[in-house]
Structures are given as C-alpha cells and as structure tokens.
Amino acid sequence: MRILVVEDDLSTRNTLSSILQKCGHNVSAVSSGEEAWTVIRQPDAPRLILLDWLMPGLNGLDLCKRIRSIDGDNPFYIIMLTVKDNKSDIVEGLDTGTDDYITKPFYPEELRARINAGRRIIEMQNRLLSHAKDLQNSLDHIKTLQGILPICSFCKKVRDDKNYWQQVDDYIATHTNAQVTHSICPECMEIHYPDIHRKMTGKSTEKKTDSD
Amino acid sequence: MSLSVCDRSIFDPDDLMERMMGDQALARSIAEIFLSNIPDRINMLKESLYKKNTNGAELQAHSINGSASNMAAIKFQKVASRIEKACRVNDLTTAVSLLTELEERFMEVEKEIRQAIL
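Below you will find a few notes about this structure. Remember, it's a predicted structure, so these values are computed and weren't measured experimentally.

### Quick word on the interface of chain B and chain A
So, step 1. Facing the 22 residues of chain B at the interface are 22 residues of chain A.
So, step 2. Of the roughly 1,900 Å² buried at the junction of chain B and chain A (both faces included), carbon and sulfur atoms supply 62%.
So, step 3. Of all residues in chain B, Arg19, Met21 and His62 of chain B bury the most surface against chain A, accounting for 29% of the area lost on that side.
So, step 4. Across the chain B-chain A interface, the total number found is one salt bridge.
So, step 5. In this structure, Lys22 of chain A engages Asp23 of chain B in a salt bridge whose closest nitrogen and oxygen atoms are separated by 2.8 Å.
So, step 6. Along the contact surface separating chain B from chain A lie five residue pairs in polar contact (both at pLDDT 80 or more).
So, step 7. Secondary-structure elements contributing two or more residues to the side of chain B that touches chain A are helix 1 (13-19), helix 2 (24-50) and helix 3 (54-70) of chain B.
So, step 8. With nine residues, the single largest contributor to the side of chain B that touches chain A is helix 3 of chain B.
So, step 9. Taken together, the residues that form the side of chain B that touches chain A break down as seven nonpolar, eight polar and seven charged.

Following this line, the structure appears as structure tokens:
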C-alpha cells in the first residue's frame, strides 16, 4: 500500500516511516502541509494519508479541508495522527473530513490495523469505481440503441451520430456487443438466385402470361 | 542495552521497544534524532515565549510533547504538555515558569536514554 506520511517532527516521522515499511508499505514522508499538498495534487498520489494535526503553516485540519475540496470519484483516505485526544477534538477532526483517528504515542499493532481498515475501504472504492465505469459504458450503449435511429427508407442504411450512413449490420456491430452473420431470406433468394430457389423449393419460377 | 538500570518514571524503554516493534537499531536511531533535535526545539519554544507569541509557542510545545511521547520520555513529556496547555489559554506566565523544569527534565531523560539504549 502506498502511504503519504505528513508529520513535522523528525523523530515521529522517521518512526512512522520505519514501522510502516516494516509492515510492507511503500511510504512517502513529508514534513509540512504545504509539501503534502504538492504531492496530493499529483495524479498518482498515494490514496492513504497519515496526517499530523498541529503543524506550523498549513495544519492538518486545513489540509484535510483542501483535500476534500478536490476529492473526485476516488477520495483519499485520511487518518489524523495527533496528541489531541479529547472528544471535541475527535469530533472536530471527523467533521472536517478525516476518516479515522490515531492518538500519539501510537502503537504498531493499532497503526497496522487502522491502515488495513483504510486499505479495505480504498480497495472497495476502487472496485465500485471500476464497476460504475463498466455500468456507465453499458448504459451508453443501451442509450444509443434506445434512441431514434434514422434509417434510409430505400437502402436501409442507418445514420450515426457523426452523420455517416452505415450499413445496418455495420451499425449493429459498432454499437452493440452482438455479432452479425449473413444469410439470405427466401424472398431475396427467389429474386437474386431464382435457379437455386427453384431447386430448393421445387417451384416453377416461369412467369405466367395472360394467355395461360 | 541495559534496560534494567533505567528509572521507568523518567524513561520507559519497554514501552519504546514495543512501539519500535522490538527493533533496537530503530530505537537507537530515533533516540539519537530525539536527543539532537530537542535542544533546538526548546530554544525555539523559549524564543516564542519571550516574544509573547503564544500560538508559535503552543506549536513548539506540541511538537516537543509529541516527540517526547514517541520516545516514552514520561516526565519530560508531561511538562511539555503543561506548557502547551498554558499557551493554548494564553497563560504566558505559567508557560515561562515551566521552562526551567522542562530543561531539567530533558537533561534527566537524556541521561536515562544514553544509559539504557545508546
């Protein structure tokens, strides 16, 4: 799991980084809210953030508000890490948008368990996002086929959304997952291949004249 | 390491080792950072208090408090916490009066840490 540690105190930052690396995580550590904000705005930023509350400059709470203002379909999972431990602090932190809370001094087992809880949420989010994209793609196809299809009255070509006229079979192949196979109906067989049609049906195709 | 000689009311090496997942090298490394950084932090705290900047002093005291709790420096951490709380309510007199005790507690815990794990 890739984790961003934001902690101004060097000894605590090193402790966190070492413990998390021992647990098999890939850790990026920064010492201020401003540095963290630069990392977080990168498209490949770690999705789980361990964030110290009280820091000089941009503090953890304000950074959390900024992060929530840019959260898209795949929100960050934020664990606030601080010496503050009274109920009103915890409520304030959670109300601001943190997902979890660890008080200092932290213990590796608790840290590991909370990181794992965060990982489960992030993985579930990723799965839901992937399903949502698949569903949207399917809905886009269904919408295309449910709309009005402009079709030529004579040659039966279909006009697509880019104003190109396509054969009906090409249109279906492009806009659906259906596969098209080609065959000949009896009526067309009689028109285009009268000999074969006659053999198949045993019918005479000679035209009757008025004198008959 | 000679953990048995330690005064656990000042420094709790067992607590530290539990939080370092039993990694003695990591504990030594963190202790060295702690001992080299704290004097600067105390000076910055003093500077903020002398300038009557309680917000800055609160941040400094908070940082010392967090660092001390990470290091299991029990008595030192308690004094830092008292200074942080005093700064939060703008009680400059109490915060300044605790500076001497903070420095004394640091010297005390430094001795314990050096004896126990360095």
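### Focus on the environment of Asp73 of chain A
So, step 1. With respect to the helices and strands, the residue Asp73 of chain A is situated in the loop between helix 3 (60-70) and strand 4 (77-82).
So, step 2. The sequence separation of Asp73 of chain A and Leu128 of chain A amounts to 55 residues, and the corresponding C-alpha distance is 9.8 Å.

### Remarks on the side chain of Asp12 of chain B
Residue and element names in this part refer to chain B.
So, step 1. With respect to the secondary-structure elements, Asp12 resides in the segment before helix 1.
So, step 2. Within the buried set, Asp12 has no salt-bridge partner at all; the shortest N-O distance to an opposite charge, 4.4 Å, is to Arg8.
So, step 3. Among the polar contacts listed, one links the side chain of Asp12 to the backbone nitrogen of Asp14, at a separation of 3.1 Å.
So, step 4. Not counting the four nearest positions on each side in its chain, Asp12 is found in contact with Ala72 and Ile74.

### Focus on the pattern of salt bridges
Two side chains carrying opposite charge are able to pair once their charged atoms lie near each other.
All names here are of chain B.
So, step 1. This model, assessed by the stated rule, comprises 20 salt bridges over all chains.
So, step 2. In this structure, the salt-bridge partner of Arg88 is Glu58, at a minimum N-O distance of 3.1 Å. Separated by 30 residues along the polypeptide, Arg88 in helix 4 (residues 74-88) and Glu58 in helix 3 bring together distant segments of the chain.
So, step 3. Each of the salt bridges in this network shares a partner with another, and the network as a whole consists of Arg82, Glu101, Arg105 and Glu108.

### Section: helix 1 (residues 10-22) of chain A
So, step 1. Between its first and last C-alpha, helix 1 of chain A extends 18 Å over 13 residues, near the 18 Å set by a 1.5 Å rise per residue.
So, step 2. Every buried residue belonging to helix 1 of chain A is among Ser11, Thr12, Arg13, Thr15, Leu16, Ser17, Ile19 and Leu20 of chain A, and all of these are buried.

### Here we look at the nonpolar core
So, step 1. Counting residues in each nonpolar core, the largest one holds 54 residues, and the members touching the most others are Phe34 and Phe76 of chain B.
So, step 2. Ignoring sequence-local partners within four residues, the contact set of Phe76 of chain B consists of Phe34, Ile38, Ile42, Ile64, Ala68, Leu102, Arg105, Phe106 and Val109 of chain B.
So, step 3. Leu51, Trp53, Phe76 and Met80 of chain A belong to the second-largest nonpolar core, a separate cluster that totals 21 residues.

### Side note on the environment of Ser36 of chain B
So, step 1. Tracing the chain through its elements places Ser36 of chain B in helix 2.
So, step 2. Of note is the side chain of Ser36 of chain B, whose polar atom sits 3.1 Å from the backbone oxygen of Ile33 of chain B.

### Some words on the packing of helix 2 of chain B against helix 3 of chain B
All names here are of chain B.
So, step 1. The N-to-C vectors of helix 2 and helix 3 enclose an angle of 160 degrees; their axes lie 9 Å apart at closest approach. Overall, the two elements helix 2 and helix 3 adopt an arrangement that is roughly antiparallel. Our pair here, helix 2 against helix 3, has a crossing hand that is left-handed. Here helix 2 contributes Ile30, Phe34, Ile38, Arg41, Ile42, Met44, Leu45, Ser48 and Leu49 to the contact with helix 3, which in turn contributes Gly56, Ala57, Gln60, Ala61, Ser63, Ile64, Ser67, Ala68 and Asn70.
So, step 2. Residues that form the contact of helix 2 with helix 3 fall into these classes: eleven nonpolar, six polar and one charged.

### Observations regarding helix 4 of chain B
Residue and element names in this part refer to chain B.
So, step 1. Here helix 4 contains 15 residues, and its C-alpha end-to-end distance of 21 Å stays within 8% of the 21 Å for a straight helix at 1.5 Å per residue.
So, step 2. Here helix 4 has its buried residues at Phe76, Gln77, Val79, Ala80, Ser81, Ile83, Glu84, Ala86 and Cys87.
So, step 3. Here the buried face of helix 4 lies against helix 2, helix 3, helix 5 (92-97) and helix 6 (99-117).
So, step 4. Positive phi appears at Asn90, one or two residues downstream of helix 4, with a value of about 60 degrees.

### Points about the pairing of strand 4 of chain A
Residue and element names in this part refer to chain A.
So, step 1. The buried count for strand 4 comes to six of six residues, which makes it a mostly enclosed element.
So, step 2. The alternating pattern of strand 4 places Tyr77, Ile79 and Leu81 on one face and Ile78, Met80 and Thr82 on the opposite face, and all of these are buried.
So, step 3. Pairing geometry for strand 3 (residues 48-52) and strand 4, over five bridges, is parallel. Of the residues in strand 4, the one forming a bridge with Leu48 is Tyr77.
So, step 4. Crossover handedness for the path strand 3 to helix 3 to strand 4: right-handed.
So, step 5. Sheet analysis places strand 4 next to strand 5 (residues 100-103), joined by four bridges and oriented parallel. In the sheet register, Leu81 faces strand 5, and the bridge partner there is Ile102.

What counts, and at which threshold
Starting afresh in each chain, residues are numbered from 1 along the sequence in its written order. As they are written, the chains are lettered A onward and the ligands numbered 1 onward, keeping that order. The model is predicted, so local features are restricted to residues of pLDDT at least 70 and side-chain atom pairs to those at 80 or more, both for listing and for counting; the totals for chains, interfaces and linings are taken over all residues. Side-chain measures were taken over the full set of non-hydrogen atoms in the model, leaving aside hydrogen atoms and water. Residue contacts are defined here by distance: any two heavy atoms, one from each residue, within 4.5 Å place the two residues in contact. When two components associate, each loses some accessible surface as probed by a 1.4 Å sphere; the sum of these losses over both components is called the buried area. Any Lys or Arg side-chain nitrogen located within 4 Å of an Asp or Glu carboxyl oxygen qualifies as a salt bridge. Here a polar contact means two N or O atoms within 3.5 Å. Within protein one must be a hydrogen donor candidate and the other an acceptor candidate, and residues neighboring in sequence count only if both atoms are side-chain atoms. For the purposes of this entry, the term helix denotes a DSSP run of H or I that reaches at least four residues, the term strand denotes a run of E that reaches at least two, and both are numbered from the N terminus. Classification used: nonpolar for Ala, Val, Leu, Ile, Met, Phe, Trp, Tyr, Cys and Pro, charged for Asp, Glu, Lys and Arg, polar for all others including Gly. The classification of residues rests on relative accessible area computed with a 1.4 Å probe and restricted to protein chains. Under 20% of the type maximum is buried, over 50% is exposed, and intermediate values are partly exposed. Note on charges: Lys and Arg go in the positive column, Asp and Glu in the negative column, and His and the chain ends are not counted at all. Helices are assigned an expected span. That span is 1.5 Å times one less than the residue count. For the purposes of this section, nonpolar cores are sets of buried Ala, Val, Leu, Ile, Met, Phe, Trp, Tyr and Cys residues that join through side-chain atoms within 4.5 Å. The angle between two axes is taken between their N-to-C directions and runs from 0 to 180 degrees, where each axis is a line fitted to C-alpha atoms and a helix contributes only its stretch in contact. For this classification, under 35 degrees means roughly parallel, over 145 means roughly antiparallel, 65 to 115 means roughly perpendicular, and everything else is oblique. It is the rotation of the near helix from the far one that decides the hand of a crossing: anticlockwise by less than a right angle makes it left-handed, clockwise makes it right-handed. Strands were regarded as paired on the criterion that DSSP finds at least two bridges between them. Here is how to tell: hold the view so the strands point away, follow the path from the first strand over the helix to the second, and if it runs clockwise the crossover is right-handed.

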